[in-house]
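So the chains spell out like this:
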Amino acid sequence: MNLRAVFKSMDFRQLWSLFWLSVRHPRFIVPTISGTRRTIAICDELYGDKQHLNGPENAFRHALWNILLVHHSIQRGLPIEKSLAWAKKITDWHEDFSPNVSLARAMDVHNNRVGRHLIARFFREDENFLVGHLLKMVTLSRKHTHAQHIATEKEVLVHIDEII
């Protein structure tokens, strides 16, 4: 999926909300676009359509997106604290406008947080290191069937069964 397809899939309310969010945080527009595009490219290359299911590949994508949002922001000279806050704000916005069942939402929000924690620890590292470290975490992803159990996990990726 490319960025154009993402925008085309959004309704007027979503586009309007994203517009105002961007206007309030203009310095983050370019790193958000570049971080999102890079996330899509890496995940398409590594996982293809499997990343759109609810398995470890999806956990990787959510964590990577947060990592690269922050990484690209830092590369443009933005402070780590503000970059982390922006990544949370924009990914929370995404979760609000891409409603999931509660279990899938808990998984996505959790993996977003794991990605932000990882980049906070390794913000001086390059993209290859960050992707490599996250890839190692994919094999350790834990499967869950209840949203409340996801909340007990700390610095590990989580995934769920496919929701029908």
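Residues numbered from 1 in each chain as written. Predicted model: local features only at pLDDT ≥ 70, side-chain atom pairs only at ≥ 80, totals over all residues. Heavy atoms only, no water.

**Observations regarding the overall build of the chain**
Scanning the chain for helices and strands turns up eight helices and two strands. Along the chain direction, N to C, the helices and strands of the chain fall in the order α-α-α-α-α-α-α-β-α-β. Here the C-alpha atoms of the chain give a radius of gyration of 15 Å, agreeing with the 15 Å that 2.2 N^0.38 yields for 164 residues. Considered along the principal axes of its C-alpha atoms, the chain spans approximately 40 × 40 × 30 Å. A burial count over the chain gives 46% of its 164 residues as buried. Considering only contacts in the chain between residues 6 or more positions apart, those separated by 24 or more positions represent 67%. Total accessible area on the chain stands at roughly 9200 Å², and carbon and sulfur atoms take up 58% of it. Taken together, the 22 basic and 17 acidic charged side chains of the chain have centroids lying 6 Å from each other. (Helix = DSSP H or I, 4+ residues; strand = E, 2+ residues; numbered from the N terminus. Rg over C-alpha atoms; globule rule 2.2 N^0.38 Å. Buried < 20%, exposed > 50% of the residue type's maximum accessible area, 1.4 Å probe, protein only. Contact = heavy atoms within 4.5 Å. Areas by Shrake-Rupley, 256 points an atom, 1.4 Å probe, with all protein chains shown as cover. Lys, Arg positive; Asp, Glu negative; His and termini not counted. Charge placed at Lys NZ, Arg CZ, Asp CG, Glu CD.)

**Quick notes on the environment of Thr 145**
With respect to the helices and strands, Thr 145 occurs in the loop between β1 (142–144) and α8 (147–150). When residues no more than four places from it in sequence are discounted, the contact partners of Thr 145 are Leu 103 and Asp 161. In terms of polar contacts, Thr 145 uses its side chain to reach the side chain of His 146, at 3.0 Å. (Polar contact = N/O pair within 3.5 Å; in protein donor to acceptor, adjacent residues only side chain to side chain.)

**Quick look at helix α4 (residues 56–75)**
A rise of 1.5 Å per residue sets the reference length of α4, with its 20 residues, at 28 Å; its end C-alpha atoms lie 28 Å apart and thus fit the reference within 8%. Counted residue by residue, α4 has 18 buried out of 20 residues, so it is predominantly covered. One or two steps after α4, the chain reaches Gly 77, where phi turns positive at roughly 90 degrees. (Expected span 1.5 Å × (residues − 1).)

**A word on the pattern of salt bridges**
Going through the model one piece at a time under the given rule, you end up with five salt bridges. A salt bridge links Glu 127 to Arg 38; the nearest nitrogen and oxygen atoms lie 2.7 Å apart. A residue pair is termed long-range when its members are at least 10 positions apart, and Glu 127 in helix α7 (residues 127–138) and Arg 38 in helix α3 (residues 29–47) qualify at 89 residues. Between Asp 92 and Lys 88 there is a salt bridge, and its shortest N-O distance comes to 2.5 Å. With Asp 92 and Lys 88 both in helix α5 (residues 80–97), this residue pair falls four residues apart, about one helical turn. Its relative accessible area of 23% is what places Asp 92 among the partly exposed residues. (Salt bridge = Lys/Arg side-chain N within 4 Å of Asp/Glu carboxyl O.)

**Digging into the nonpolar core**
One recurring pattern in soluble globular proteins: nonpolar side chains tend to sit buried together. Within the largest apolar cluster, 33 residues are counted, with the highest numbers of intra-cluster contacts made by Phe 60, Leu 64, Ile 67, Ile 90, Trp 93, Leu 134 and Leu 157. Elements that contribute at least two residues to this core include exactly α2 (12–24), α3, α4, α5, α6 (102–121) and α7. Broken down by element, this core gets its largest block of residues, nine residues, from α4. Excluding residues that lie within four positions of it along the chain, Ile 67 makes contacts with Gly 115, Leu 118, Ile 119, Leu 130 and Leu 134. The next biggest cluster of nonpolar side chains, apart from the first, holds six residues, and it includes Leu 103, Ala 104, Met 107 and Val 158. (Core = buried A, V, L, I, M, F, W, Y, C linked by side-chain atoms within 4.5 Å.)

**Thoughts on α5**
Between its first and last C-alpha atoms α5 spans 26 Å; for 18 residues at 1.5 Å apiece the expected length is 26 Å, and the two agree. Listed as buried for α5 are Ile 80, Ser 83, Trp 86, Ala 87, Ile 90, Thr 91, Trp 93, Glu 95 and Phe 97.

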